[in-house]
Amino acid sequence: MVSDLIRSPAVRLLHARQDHAICLRLAASYRLRIAAGETDQRAAHAWALGLARRWRLLASELSQPCALPG
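Residues numbered from 1 in each chain as written. Predicted model: local features only at pLDDT ≥ 70, side-chain atom pairs only at ≥ 80, totals over all residues. Heavy atoms only, no water.

**Section: the overall build of the protein**
When its secondary structure is counted, the protein shows 3 helices and 0 strands. Each helix and strand of the protein, ordered N terminal to C terminal, gives the series α-α-α. Here the protein holds 70 residues, and 19% of them are scored as buried. Long-range contacts, defined here as pairs at least 24 residues apart, represent 56% of the contacts in the protein between residues at least 6 apart. About 5600 Å² of surface is accessible on the protein, with carbon and sulfur atoms providing 61% of the total. (Helix = DSSP H or I, 4+ residues; strand = E, 2+ residues; numbered from the N terminus. Buried < 20%, exposed > 50% of the residue type's maximum accessible area, 1.4 Å probe, protein only. Contact = heavy atoms within 4.5 Å. Areas by Shrake-Rupley, 256 points an atom, 1.4 Å probe, with all protein chains shown as cover.)

Laid out in structure tokens, this is it:
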């Protein structure tokens, strides 16, 4: 169970990229609903885009090479 909490940087990067893609698909579905006339979905669309941006920034940080001490 503890091993589930400790993930390698590669796995963390993969999950961040997957979550980013999920948020983009969610934002696209809200955008379609807004285009269909459901204007009450604007806040949900903005929320999904905000999360997508946060996951993209995290993925960008995780993909940067880290300097090893020594």
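The structure having been displayed, the exposition proceeds.
**Details of the environment of alanine 44**
Relative to the assigned elements, alanine 44 resides in helix α3 (residues 42-63). Put simply, alanine 44 and tyrosine 30 are 14 residues apart on the chain and 6.9 Å apart in space, counted from C-alpha to C-alpha.

**Things to note about the pattern of salt bridges**
For the structure shown, the criterion picks out 1 salt bridge. In this structure, arginine 33 and glutamate 38 form a salt bridge, with 3.0 Å as the shortest nitrogen-oxygen distance. (Salt bridge = Lys/Arg side-chain N within 4 Å of Asp/Glu carboxyl O.)

**Considerations on the side chain of histidine 45**
Here histidine 45 shows up in helix α3. Those residues in contact with histidine 45 that lie beyond four places of it in its chain are Ala27, Tyr30, Arg31 and Ile34.

Bear in mind that shape data such as this cannot, by itself, settle questions of function.
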